[in-house]
Amino acid sequence: MARQRLYLGRAWYAIHVVAGYEEMVADAIMQRAEGYDMRDKIFNVLVPKEKVWEIRGGKRELVEKKLFPGYVFVDMIVTDETWYFVRNTPKVTGFLGSGTTPIPVDQKEIEEILKRMKPEEPLIETDIKEGDLVEITQGVFKGIQGKVLEVDRERGRLKVLISVFNRETPVEVDILQVKRL
């Protein structure tokens with residue numbers, strides 16, 4: 001039985017790749033598209049990332065994190081030829097979709113991904129969450145333990161409920177000023 005001819009219009013498609021090889025696959029697709037004269041059908045490749053602050057060893061570090069580890073997005077016109085070309089790129093395990101028919105990613109989702117990739121101020125990444133018990137390690141309240149009421153990742157601040165003179169008092173501290181118990 002012959003395979004049905006595939007032709008889907010230009011859209012973004014998600015391809016599953018071996019985790020950790022997203023950039024390599026993206027580069028390979030674009031280089032191969034240039035070499036095989038397919039730039040008129042394969043337009044762009046995207047590995048969505050965002051910059052976030054992480055707390056490592058008590059210091060803030062700006063790191064780039066993949067939004068969808070193991071996936072690469074390709075802006076292309078799907079034909080039998082381009083499907084085979086992308087599918088047979090090293091470290092590609094397949095298109096997102098059913099069987100051999102890729103499903104385009106909704107344009108609104110792509111716009112949301114692109115918006116997330118260009119934040120004005122990176123978020124602070126921390127494993128501290130509401131309800132955690134923490135100890136304040138710096139500042140006026142150094143050595144006092146409390147319960148996290150609120151986490152504001154955008155500002156890098158926590159609201160912590162502490163006991164001062166036997167009275168529960170919420171205080172706001174920088175994420176770097178606490179350690180989780």
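Preceding block: the structure.
Bear in mind the structure is a predicted one, so any value in this text is a computation, not a measurement.

Caption draft 1: Quick look at the packing of aromatic side chains. A complete count under the given rule lists 2 aromatic pairs for this structure. Over the aromatic face of Tyr-21 sits the side chain of Lys-91, whose NZ or CZ is 4.5 Å from the ring centroid.

Caption draft 2: Geometry of the pairing of strand β12 (residues 157–164). Of the pairings in the sheet, the one linking strand β11 (residues 145–152) to β12 comprises 6 bridges and is antiparallel in character. The residue bridging Val-148 from the neighbouring strand is Val-160, located in β12. The antiparallel pairing of β11 with β12 creates a hairpin that spans 4 residues between the two strands, and Gly-156 there sits at a positive phi of about 70°. The hairpin turn running from β12 into strand β13 (residues 167–174), its antiparallel successor, is 2 residues long, and Phe-165 in that turn takes a positive phi close to 55°.

Caption draft 3: Representation of the nonpolar core. Ile-15, Ile-29, Ile-42, Met-76 and Val-86 are the most contacted members of the largest nonpolar core, which totals 21 residues. Residue assignment for this core shows that the elements contributing at least two residues are β1 (7–17), α1 (22–35), β2 (42–46), β5 (71–79), α2 (80–87) and β6 (92–95). If we ignore the near neighbours within four places in the chain, the residues touching Ile-42 are Ile-29, Met-30, Ala-33, Val-74, Asp-75, Met-76, Thr-82, Phe-85 and Val-86. Counting residues in hydrophobic clusters, the runner-up holds 12 residues, among them Ile-128, Val-148, Leu-158 and Ile-162.

Caption draft 4: Inspection of unusual backbone geometry at higher detail. Even without glycine at this site, Asp-37 takes up a positive phi of about 55°. Here Asp-37 falls in the exposed class, since its relative accessible area comes to 66%. The phi dihedral of Lys-91 falls on the positive side, at around 80°, and the residue is not glycine. With respect to the helices, strands and loops of the structure, Lys-91 is situated in the loop between α2 and β6.

Calculation rules
- Residues numbered from 1 in each chain as written.
- Predicted model: local features only at pLDDT ≥ 70, side-chain atom pairs only at ≥ 80, totals over all residues.
- Heavy atoms only, no water.
- Phe/Tyr/Trp six-rings, centres within 6.5 Å; stacked < 30°, edge-to-face > 60°.
- Lys NZ or Arg CZ within 6 Å of the ring centre and 35° of its normal.
- Pairing = 2+ DSSP bridges.
- Helix = DSSP H or I, 4+ residues; strand = E, 2+ residues; numbered from the N terminus.
- Core = buried A, V, L, I, M, F, W, Y, C linked by side-chain atoms within 4.5 Å.
- Buried < 20%, exposed > 50% of the residue type's maximum accessible area, 1.4 Å probe, protein only.
- Contact = heavy atoms within 4.5 Å.

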